[in-house]
Amino acid sequence: MRISLLCGITFLVLAAVISCSPSRRTDIPSRGGFQIIPKPQHLVQREGRFTITKQTAMEIEGDYHSVMPSAGFLAETIQNASGIAVTFSNVQGRRAKRVIHLALDDSLVELGIEGYTLTVQPDRIDLKASQPAGLFYAVQTLIQLMPPAVYQPASASNKIKIRIPCVEIKDRPRFGWRGLMLDVSRHFFPPEFIYRFIDFLAMHKLNTFHWHLVDDQGWRIEIKKYPKLTEVGAWRVDREANHWNAREPQKPGEKATCGGFYTQDEIRDIVSYATNRYITIIPEIEMPGHTTAALAAYPEYSCSGGPFSVLPGGVWPITDIFCAGKEETFIFLEDILTEVMDLFPSRFIHIGGDEATKTEWEKCPLCRERIQKEGLKDVEELQSYFIRRIERFLNSHERRLIGWDEILEGGLAPQATVMSWRGTQGGIDAARLGHDVVMSPTSHCYFDYYQGDPDVEPLAIGGYLPLSRVYEFDPVPGELSAEESSFILGGQANLWTEYVSTPEHAEYMLFPRTAALAEAVWTLPDLKDWTDFAGRLEGQLARYKAAGINYAEKCLSPFD
Ligand SMILES: [Zn+2]
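Keep in mind that what you see is a predicted model, and the values were worked out from it rather than measured.

> For this particular structure, what's the right way to read helix H11 (residues 379-396)?
An α-helix turns once per 3.6 residues; consequently, residues spaced three or four apart project the same way. Here H11 spans 26 Å end to end across 18 residues, near enough to the 26 Å set by a 1.5 Å rise per residue. Buried residues in H11 make contact with strand S16 (280-287), helix H8 (327-343), strand S17 (348-352), helix H9 (359-363), helix H10 (365-373) and strand S18 (400-404).

> Explain the environment of Thr292 to me, please; I cannot follow it from the model alone.
Take Thr292: it is sitting in helix H7 (residues 292-297). Residue class for Thr292 comes out buried when judged on the 28 C-beta atoms lying within 10 Å of it. Along the primary structure Thr292 and Ile318 are separated by 26 residues, whereas in three dimensions their C-alpha atoms are 8.5 Å apart. Those residues in contact with Thr292 that sit more than four places away from it in its chain are Asp216, Phe308, Val310, Leu311, Ile318 and Asp320.

> How should unusual backbone geometry be read in this particular structure?
Peptide bonds are trans in most cases, and residues, glycine excluded, mostly fall at negative phi. For the bond from Ile37 to Pro38, the omega torsion is 0°, close enough to zero to count as cis. Relative to the elements of secondary structure, Pro38 occurs in the loop between strand S1 (24-26) and strand S2 (42-51). Residue Pro307 is bonded to the preceding Gly306 through a cis peptide linkage, with omega at 5°. Here Pro307 is to be found in the loop between H7 and H8. Notably, Lys205 is not glycine yet its phi reads approximately 60°, a positive angle. Along the chain, Lys205 falls in the loop between helix H4 (191-203) and strand S11 (208-212). For Glu398, which is not glycine, the phi torsion reads 55° and is therefore positive. Checked against the element boundaries, Glu398 lands in the loop between H11 and S18. Exposure remark for Glu398: the 8 C-beta atoms within 10 Å place this residue in the exposed category.

What counts and what doesn't
- Residues numbered from 1 in each chain as written.
- Predicted model: local features only at pLDDT ≥ 70, side-chain atom pairs only at ≥ 80, totals over all residues.
- Helix = DSSP H or I, 4+ residues; strand = E, 2+ residues; numbered from the N terminus.
- Expected span 1.5 Å × (residues − 1).
- Contact = placed C-beta atoms within 7 Å.
- Buried ≥ 20, exposed ≤ 12 C-beta atoms within 10 Å, placed from the backbone.

Pasting the structure below:
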């Protein structure tokens, strides 16, 4: 379901159109009560239902530009599903018979910037929040009170009648970082899927899209100053027929035809689309390791000088690395980050920092000279030097650095935020040092792992992460004190794509595990209950089906 937001004149035109549908069928929410995921903090059922008809009007209260992304999203959802174009009015206008009222309300400030209230009565619906993001989540919850068929594509001809049960909801998320990562380097995913991916996040009330844009197997972001990054770095030889770890490197003279990249214009449009859904995109530019694609384009920033070719599959360990001894390397990376910051308004910029094998640094005279000149102990401290320098650059542009937990080794950069993936220990250590942390341990958050019996599941990288284990995820480890816990910004799941080459397969790996993740990062631990979740999942799966999402159907009968 990709919904293009309505605004300004487009919206007025739409509001003027009264369309009707030749075929309507009645549909009601699935049995089993309210099947809202993630589970709201407070919900009380009331008598009766609200029915959307051609007389239904939408009222806006508060700054137009703050309310419209949510109001437009709701109006378009209703129109796609029912064929009804609701009319809009401001609160001073003539009272309509049935009203959907969206308001920014300062008195709800205690619900935070993402909290909201939602009240459905037979003749009116009220969505309120102190901030626009909260209003957007009120809309998402309201849509989940509608029949699952509202998630069908706009092109569906089978329009439905929308009835909404009366209810009172008060809700806010547990964490401010609710993330999902997509690796587009190991396999390139076209912009159309990136839009769809953003829709998925919005549907699950996730607010952070961590975009893994570069790695050894492909550079996916256009950088104007260094065109070879995409001319060379975005393309590799086609070895898709072979197992990921058994792919011959590029031969001399062989043409690289497999890959792709996003232009800066495409990225701007994607960022804008995400912003209208209150989703922050965090770009990841890997350094100093996981850089073969960049070095294939610009070997002069390596220790050895190359040559390199973009890897068509897995090579381990990878020793290709940016030279930390050359000043030119830092100029190159700062130039790239300047363009990245221009495209992405996110407070955080992810610099990777993981799995950097430093054998080249041990051998390189320039790197050894840097170690000596800076009074560093070893190559681990040289990585810290590297990361600190990049952090200073980002901080000077009012951005914050985040990296995988390897950035702890050799000493953490002063303001750095740590993304803990090798279990939770890195996150625990960082929180105890007073650094912010995002928890993303392989044990609960690696969606490239098998979710069922490997004998029947599509080939995956390994591991085993059934839906129930994702549901158990708690971003705050028990070892942390209350004060230390305050450094945990939230949690995130990651979809690495070595073994995932199509959007359909990506959806299979993501769903319904993303539903379990959503509840793990939104809902308070006391309200979480696996049996209750499994019951509500029925509604969620019906929504996936309506939206045409290729989810894993056997998710509730896991291997163990
Ligand atoms: Zn070097």
